[in-house]
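Here is how the chains run, residue by residue.
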Amino acid sequence: MQSILSLPYPILIVAAFVTYVILKTVYRLFFHPLAKIPGPKLAAATTLWNAHYDINASGLCKILPELHKKYGPIIRIQPNEVHVAELESFNQVFRVGTPFERVWHNNPFLTGSLQSKETLQETKKRREFLSPFFSKSAILKVEPFLHAQKLSLFLSTLQKTAMSSNGDGGLIDFFLGFRCLTADTIMDYCFQQDLNALAEPEFKSPTVQAFIEGFDLAIAGTFFPTLFNTMSSLIMLLPERVREAQFAPLYGFETMQRLSRERVLWLRANPGKSKMPTLFDGMLAPDEKKGQVTPPLGDMVAEGCLMIAAGTDTTANALGLLLWHVTQNEQVQRRLLEELRREIPNRDDMVDSGALDGPGFEYLRAVVKEGLRLAFGVPGRIIRRTPKEGATFHGLYLPAKTQISSCIYLQNLDPVTFPNPTEYDPDRWLCDAETFKLRDRQMLSFSRGSRGCIGINLALATLHLTVAHLFRRFEITTTGHTTARDMEWNDRFVPVTLGRIKGHVRMRKD
Ligand code: HEM
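Counting starts from 1 at the beginning of each chain's written sequence and moves along it residue by residue. At least 70 in pLDDT is required for a residue's local features to be given in this predicted model, at least 80 for side-chain atom pairs to be given and counted, and no such filter applies to totals for whole chains, interfaces and linings, which use all residues. To obtain the side-chain values, all non-hydrogen atoms of the structure were used and water was disregarded.

1. Considerations on the packing of aromatic side chains
Part 1: Think of it this way: a Phe, Tyr or Trp ring, Trp meaning its six-membered ring, pairs with another when their centres are within 6.5 Å, and the plane angle makes it stacked under 30 degrees, edge-to-face over 60, tilted otherwise. Tallying each qualifying case throughout the model produces 16 aromatic pairs.
Part 2: Between phenylalanine 100 and phenylalanine 393 the ring centres are 6.1 Å apart and the planes differ by 65°, which places this aromatic pair in the edge-to-face class. Of this pair, phenylalanine 100 sits in the loop between helix H5 (87–94) and strand E3 (101–102) while phenylalanine 393 sits in strand E6 (residues 391–393), placing them 293 residues apart in sequence. With respect to burial, phenylalanine 100 and phenylalanine 393 carry one shared label: buried.
Part 3: Considering the side-chain rings of phenylalanine 191 and phenylalanine 280, the 5.6 Å spacing of their centres and the 35° angle between planes classify their relative orientation as tilted. Here phenylalanine 191 is found in helix H9 (residues 174–191), whereas its partner phenylalanine 280 is found in the loop between helix H13 (248–269) and helix H14 (281–284), with 89 residues between them in sequence.
Part 4: Under the relative-accessibility criterion, phenylalanine 191 is labelled buried at 0%.
Part 5: One aromatic cluster in this structure is built from Phe154, Phe174, Phe178 and Phe203. The secondary structure listing takes helices from DSSP runs of H or I that are at least 4 residues long and strands from runs of E that are at least 2 residues long, numbered from the N terminus. Note on classification: 1.4 Å probe, protein chains only; a residue is buried when its accessible area is under 20% of the maximum for its type, exposed when over 50%, partly exposed between these limits.

As C-alpha cells, this is what we get:
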C-alpha cells in the first residue's frame, strides 16, 4: 500500500486541515467545558454561526428571545461564549464592582481609551478623571455656549427650510441632521474642536457620513480582529487622498484622531488657556495626592475618538426614533405640544436642560424615556469574561475566562415589565413611584454598573433639549417621506436603520 506521505503536498495540507477541523469540532461539541450548556449545535461548533447573524443578518439579538424560549435562560452562542437572558443574571455580570472583565477586540483607534480597559482597577482609574467632566452640573454650566449654540444652528437651518416655498416648507434629512448635531455637540463639549458638520449644506458632512459606513466594518472587526487590524495598518500606508476617497470609514476615524491629537497637544502647550473645560483637563493635571498620573498621549487621543464613536450615533439614533414615534402618534404629539405650549409660551424661547429636568415637563421626559427604551442604545451582545474562580448561572458552572454576554434588546422588551413591549407608549413612565422604579430597573439603554454609559447626562440633556425645541417650533410630517420599513434596523453595535428618517417641516403658527 502506498504511504500517505507520498501523496502530493497540497492534498496532505488539505487533509491535515480537515482532520484538525473535525477534531476541534468534536472537542467543542462533546469535551469542551461548556459542552453541557444548551444551545444550537452549530453555535457550539463555530464562531461563524454568531458572526453570520451579526454581520450578514439583522443581528443575533433579534433571534435570542426565540432561542431562550427553546433552550432556557442560559445558552451557548459560540464555542466559548454563553448568553444569559434574565435581568438578575445581567445584574450579576454588570453590577457596580463586578469582577467580570471586559473583552476587548483591539480596535486600533480606541485602544488606550476607557472602553479598552479590561479590568475594574484600570477602569476606575480612568473614570476618576472623566466622570466629573460628565456630571449634570458640569454640563449645565457650559450649556449657554454649547447646546444653546449648536441647537440654535440646527434649528435655524430647519427654519430656513420651513419658511421656504412661501412658508409651505420643505424636506429635511433628519437622519443626517441629528448626526451632525450630536457630533458637533460632543466634539465641542469634549474638546472644542468641532467638525462644523451642522454648517454643511443639507447636513452632508463627509466625516459624519463616513462614520455611518464604519459600523458594518467595526462589527466585523470584533469577529476577525487580526484581519481587521492588519488591513487597517496596510490601508494607513496608502496616500491620504486614496484613503479619503476609497476608505471613507477609516478616514473618518483618522479625522477624529487628528482633531483629538491636535487638541491634546495644544492644551499641553497652553495649560489653563482653553475657554471652556475639556475632556483632557483632569488627565493633564493629575492629582498626585490621589496617586493619579497623566495617561500616555495615545490614550488621551483615543479617549477623544471614543467619545465621538460612543455618543454620536447612539444619541442621533434615539432622536430619529423619537421623531418617528411622535410624528406617527397623533395623541402623543398633541399631549406633548400641549405641555410645551404651556411651559414655553413663546415659541422661539430657549429653555435650558435644568428646567426640562424640573416640574412641568413630565410628559416630555416620558416621551424621551420611552424612545430610549425602544432605541436600545447598544442592543446586541455586551461581552464580559468570567473571573478566575469561574461563575455559576442557573446551576451551571462556567470556568474562568468564559465569555458571557447579555443583550439590552431582551431587557428592554421584557414582556412582563413592559406589556406589549414593542409598542411606543410614554404613559408607561407616568405611573406610581414603585412601578416606575421596577420599570427603570429593567430599562437598560445606558447599561449599568461600573461600565455603564459615562455620557448619560450629556445624552439626556441633548435629547430633552432637541425634542422640546424641535416640536415646539415646527410641524413635522414623516408620513409620505419615511416608511415603517425605513425604520427597521440591523444591529451593528448601534441600531442601523434600513432607510433614513426624513420629514417635511413647517413653522408652527404660535
Ligand atoms: C442616547 C445616547 C446614548 C446611549 C443610549 C448610550 C448607551 C451606552 C451603553 C449601553 C454603554 C455600555 C456599552 C458597553 O458596555 O459595551 C455605553 C458606554 C459608553 N458610553 Fe454611552 N450612550 C449614549 C450616549 C453617550 C454619549 C453622549 C457619550 C459621551 C460623549 C457616551 C460615552 C460612552 C462611553 C465612553 C462608554 C464606555 C464606558 C466604559 O467602557 O466604561 N455615550 N453607552
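2. A closer look at the environment of phenylalanine 280
Part 1: Phenylalanine 280 gets classed as buried once you look at its relative accessible area, which sits at 0%.
Part 2: Sequence separation between phenylalanine 280 and threonine 294 is 14 residues, and the spatial gap between their C-alpha atoms is 9.6 Å.
Part 3: Excluding anything up to four places from it in sequence, phenylalanine 280 contacts Phe191, Ser260, Arg263, Val264, Leu267, Met300 and Gly304. When checking whether two residues touch, look at their non-hydrogen atoms; a contact exists if any pair is within 4.5 Å.

3. Points about the UniProt feature "transmembrane region" (unreviewed entry) in the chain
Part 1: UniProt's feature table lists "transmembrane region" (unreviewed entry) at residues 6–23, given in the numbering used throughout.
Part 2: Across residues 6–23 one finds 83% helix and 0% strand; the C-alpha atoms that close the span lie 23 Å apart. UniProt positions are given in the numbering used here, feature names are shortened, and annotations may be inferred rather than shown by experiment.

4. What to know about the site of the ligand
Part 1: Near is defined per residue: the residue qualifies when any heavy atom it owns lies within 4 Å of the molecule or strand. For the ligand, the set of nearby residues contains 28 residues, the closest of which are Arg102, Arg127, Arg384, Arg451 and Cys453.
Part 2: Any N or O atom pair separated by 3.5 Å or less is treated as a polar contact, with the protein-specific requirement of one donor-capable and one acceptor-capable atom, and with residues adjacent in sequence counted only for side-chain atom pairs. A distance of 2.5 Å separates an oxygen atom of the ligand from a polar atom in the side chain of arginine 102.
Part 3: Arginine 127 has a polar side-chain atom sitting 3.0 Å from an oxygen atom of the ligand.
Part 4: Those elements giving two or more residues to the shell around the ligand turn out to be helix H15 (297–328), strand E5 (381–385) and helix H21 (456–473).

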